[in-house]
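# Residue-level structure breakdown
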Amino acid sequence: MISKAFAVFNKDFHSELRTRYAINSLAMFVIVAISVIMFAVGQEKISEGLTGGLFWVVIFFTAMSGLARTFVSEEERGTSLTLQLVASPSAVFSGKLLFNIILVFCMNTVIALLYAALFESFVIKNYSLFFFSFVLGNIGLAISSTIIAAIISKAGAKGTLYPVLSFPILLPLILTSVQLTLFSLDGTSIEDAKFELAIVVSYDVIMLTVSYMLFDFIWKD
Amino acid sequence: MSTYSVEAIKINKTFGRRLVFNDINFRLDNPGIFGISGPNGSGKSTLVKIIAGLLSSTKGKITHKNSEKEIIPEKLHNHIGFVSPYLVLYEEFSAWENLNYLSKIRGITFDKDYAKELLERFLLYNRRNDLVKTYSSGMKQRIKFIFALIHHPELLIFDEPTSNLDDEGRELVYNIINDKSKENILIIASNDKSDLDLCTEVLDLKVSNKDF
């Protein structure tokens, strides 16, 4: 199953390099969103709390603009049937999830670097806590976005449905990740952030389990 | 010789309140060409999708067996070669890349010699490195047959196999159908008289409750 999932990822990776379906929209959104925030903030000094919140706002909307492509592009091009004919649902989901995890990590690393370079108040004081919250948050974001993308790819109004469906599902993850980012900016120790870290780990495990259970039904009809 | 069998018991399909077909029964366990005909909207494509495991029936059961062992749905795709007008290959890849990527996703080694043989047989070998989006509709139809045959499936399902093909393409497809039907079960869904003439038995979907 792992080799088949990797083959799906490999196919998607090469397809993305040729078509630039997701990369272009993600890159444009990151640049536009951060520019708008910078213009809006101007010379004002913004607090750490606000910077942490805005950091995840950009991540959330960037994910909304690009991560759905992995399934939507298959459906729009009519290649879903081809994939159904060559792979089991679990192999397809694993491959698509791997692709989205890597895409989310690349995208969010760029966002974090831009934030660090452009916002004075974005100074990380606890790097290990930031690392854990960043990794766990990104994995949760990728899992949720992938299964939601699979659901909405079968629907008519894809563009509208994706953020509408994502918002309630991602809300617990975003709120906890914002809190963890805030902790890492004000230097809170990992020990004191255990509760929030446990929430994000639980979220990731629950979403992953539910996604694998649901995907068979979503993918088939 | 194929030891593959497909059995459909009381297959029924509805979309919402609309009944597409009802009480379809058949058993195919010997190599040969079996046809499914019927007017537009009678459910030919729906029935072949159900047989291929791409769509669930509303009622009834399809059983695929290989050497008397039932094939689980997760593994069914490796036993079926499927061609249909709504099957689309990746247009951003060449024919060769499509066959390579899709074989790897299937979990089989990409057999370059067999791929070359099929590409030559379908007169596409010289265009193997061109992107599929540059192909004509007839060439796209021919590459679908290579995709359906590359993994040596026991069951071949061809939905409107000669659509978009010129006389030369039709001839190629009919030769393949005749060759493969000696060892494999082949199901053809079509309205074309010359396609159906190849079949030993035909299930007509406009006549309800008819069996093979």
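Residues numbered from 1 in each chain as written. Chains lettered and ligands numbered in written order. Predicted model: local features only at pLDDT ≥ 70, side-chain atom pairs only at ≥ 80, totals over all residues. Heavy atoms only, no water.

## What to know about the overall build of chain B
Secondary structure summary: chain B contains six helices and nine strands in total. The C-alpha radius of gyration computed for chain B amounts to 17 Å, which stays within 12% of the reference 17 Å derived for 212 residues, consistent with globular compactness. With the C-alpha coordinates of chain B rotated into their principal frame, the extents come out at 45 × 35 × 35 Å. A separation of at least 24 residues holds for 70% of the contacts in chain B among residues at least 6 apart in sequence. (Helix = DSSP H or I, 4+ residues; strand = E, 2+ residues; numbered from the N terminus. Rg over C-alpha atoms; globule rule 2.2 N^0.38 Å. Contact = heavy atoms within 4.5 Å.)

## Quick look at the side chain of Arg-142 of chain B
Residues and elements named next belong to chain B. Tracing the chain through its elements places Arg-142 in helix α4 (residues 137-149). Buried within the structure, Arg-142 lacks any salt-bridge partner; its nearest side chain of opposite charge belongs to Glu-168, at an N-O separation of 5.3 Å. Those residues in contact with Arg-142, other than ones at most four positions away along the chain, are Phe-122, Leu-123, Leu-124, Leu-165 and Leu-172. (Buried < 20%, exposed > 50% of the residue type's maximum accessible area, 1.4 Å probe, protein only. Lys, Arg positive; Asp, Glu negative; His and termini not counted. Salt bridge = Lys/Arg side-chain N within 4 Å of Asp/Glu carboxyl O.)

## Side note on the packing of aromatic side chains
Residues and elements named next belong to chain A. This model, assessed by the stated rule, comprises 25 aromatic pairs over all chains. Plain terms: the ring middles of Phe-60 and Phe-167 are 6.5 Å apart, the flat faces sit at 80 degrees to each other, and that makes the pair edge-to-face. With a gap of 107 residues between them, Phe-60 in helix α3 (residues 48-66) and Phe-167 in helix α8 (residues 158-186) connect regions that are remote in the sequence. Considering the side-chain rings of Phe-71 and Trp-219, the 5.9 Å spacing of their centres and the 65 degrees angle between planes classify their relative orientation as edge-to-face. (Phe/Tyr/Trp six-rings, centres within 6.5 Å; stacked < 30°, edge-to-face > 60°.)

## Quick word on a negative patch on the surface
Residues and elements named next belong to chain B. A surface patch of like charges, here negative, comprises Asp-166, Asp-167, Glu-168 and Glu-171. Tracing the chain through its elements places Glu-168 in helix α5 (residues 167-180). Here Glu-168 falls in the partly exposed class, since its relative accessible area comes to 47%. (Patch = residues over 30% accessible without salt bridge, like charges linked within 9 Å, V, L, I, M, F, W, Y side chains within 5 Å. Areas by Shrake-Rupley, 256 points an atom, 1.4 Å probe, with all protein chains shown as cover. Charge placed at Lys NZ, Arg CZ, Asp CG, Glu CD.)

## Some details on the sheet that holds strand β4 (residues 59-66) of chain B
Residues and elements named next belong to chain B. Spatial strand order, β2-β1-β4-β5: four strands in an open sheet with antiparallel pairing. Unpaired on one side and paired on the other, β2 (18-28) and β5 (69-70) mark the two borders of the sheet. Where strand β1 (residues 4-15) meets β2, seven bridges bridge the pair, whose relative direction is antiparallel. What sits directly across from Ile-11, in β2, is Ile-24. Packing against the sheet, helix α1 (residues 44-51) makes contact with β1, β2 and β4, and its axis sits at approximately 130 degrees to β1. (Pairing = 2+ DSSP bridges. Axes fitted to C-alpha atoms, helices over the stretch in contact; angles between N-to-C directions.)

## Observations regarding the interface of chain A and chain B
One frequent convention defines the size of an interface as the accessible area lost when the parts assemble. Each partner contributes residues to the interface: chain A has 26 residues there, and chain B has 24 residues. Summed over both partners, the interface of chain A with chain B buries about 2400 Å², with 61% contributed by carbon and sulfur atoms. Three residues stand out in chain A for area buried against chain B, namely Arg-18, Leu-85 and Val-86 of chain A, and they jointly supply 28% of the buried area on that side. Our count for the contact surface shared by chain A and chain B stands at two salt bridges. Arg-77 of chain A is the salt-bridge partner of Glu-92 of chain B, the closest N and O atoms lying 2.5 Å from each other. There are ten residue pairs in polar contact (both at pLDDT 80 or more) connecting chain A and chain B. Of all the elements in the fold, those that place two or more residues in the side of chain A that touches chain B are α1 (2-19), α4 (69-77), α5 (80-86), α6 (89-118) and α9 (194-220) of chain A. Among the elements that take part in the side of chain A that touches chain B, α1 of chain A stands out by supplying nine residues, more than any other. Class assignment for the residues of the side of chain A that touches chain B results in eight nonpolar, ten polar and eight charged. (Buried area = accessible area lost by both parts, 1.4 Å probe. Polar contact = N/O pair within 3.5 Å; in protein donor to acceptor, adjacent residues only side chain to side chain. Nonpolar A, V, L, I, M, F, W, Y, C, P; charged D, E, K, R; others polar.)

## A short note on the pairing of strand β8 (residues 185-189) of chain B
All names here are of chain B. In terms of residue burial, β8 counts as a mostly covered element, since five of its five residues are buried. Here β8 shows two buried faces, one formed by Ile-185, Ile-187 and Ala-189 and the other by Leu-186 and Ile-188. Sheet analysis places strand β3 (residues 32-37) next to β8, joined by five bridges and oriented parallel. In the sheet register, Ile-36 faces β8, and the bridge partner there is Ala-189.

## Focus: a nonpolar patch on the surface
All names here are of chain A. Together, Ile-151, Ile-206, Val-210 and Leu-214 make up an exposed nonpolar region whose accessible area comes to about 300 Å². Per-element accounting of the nonpolar patch gives the leading share, three residues, to α9. On the secondary structure map, Ile-206 appears in helix α9.

## Remarks on the packing of α6 of chain A against helix α7 (residues 127-152) of chain A
Residue and element names in this part refer to chain A. Contact geometry for α6 and α7: axes closest at 8 Å, N-to-C directions at 135 degrees. Between α6 and α7, the crossing angle belongs to the class labelled oblique. In this structure, α6 meets α7 at a crossing whose hand is right-handed. When α6 is examined against α7, the residues Phe-93, Lys-96, Leu-97, Asn-100, Ile-101, Val-104, Phe-105, Asn-108, Thr-109 and Ala-112 are found in contact with a partner set consisting of Phe-130, Phe-134, Val-135, Asn-138, Ile-139, Leu-141, Ala-142, Ile-143, Thr-146 and Ile-147. Per-class residue counts for the contact of α6 with α7 are 14 nonpolar, five polar and one charged. (Parallel < 35°, antiparallel > 145°, perpendicular 65-115°, else oblique. Left-handed = near helix turned anticlockwise from the far one by under 90°.)

## Examining the nonpolar core
For soluble globular proteins, nonpolar side chains are generally found buried alongside one another. Judged by nonpolar contacts, the single largest core of 137 residues is most densely connected at Phe-55 of chain A together with Ile-51 of chain B. Looking at which element gives the most residues to this core, the answer is α7 of chain A, with twelve residues. The residues contacting Phe-55 of chain A, other than those within four sequence positions of it, are Ile-111, Ala-112, Tyr-115, Phe-122, Phe-130, Phe-134 and Thr-181 of chain A. (Core = buried A, V, L, I, M, F, W, Y, C linked by side-chain atoms within 4.5 Å.)

## What to know about the environment of Ala-189 of chain B
All names here are of chain B. Note that Ala-189 resides in strand β8. Relative accessible area serves as the criterion here: at 0%, Ala-189 is assigned to the buried category. Taking C-alpha positions, Ala-189 is 7.9 Å from Pro-161, a pair spaced 28 residues apart along the chain. Those residues in contact with Ala-189, other than ones at most four positions away along the chain, are Ile-36, Lys-44, Val-48, Phe-158, Asp-159, Glu-160 and Pro-161.

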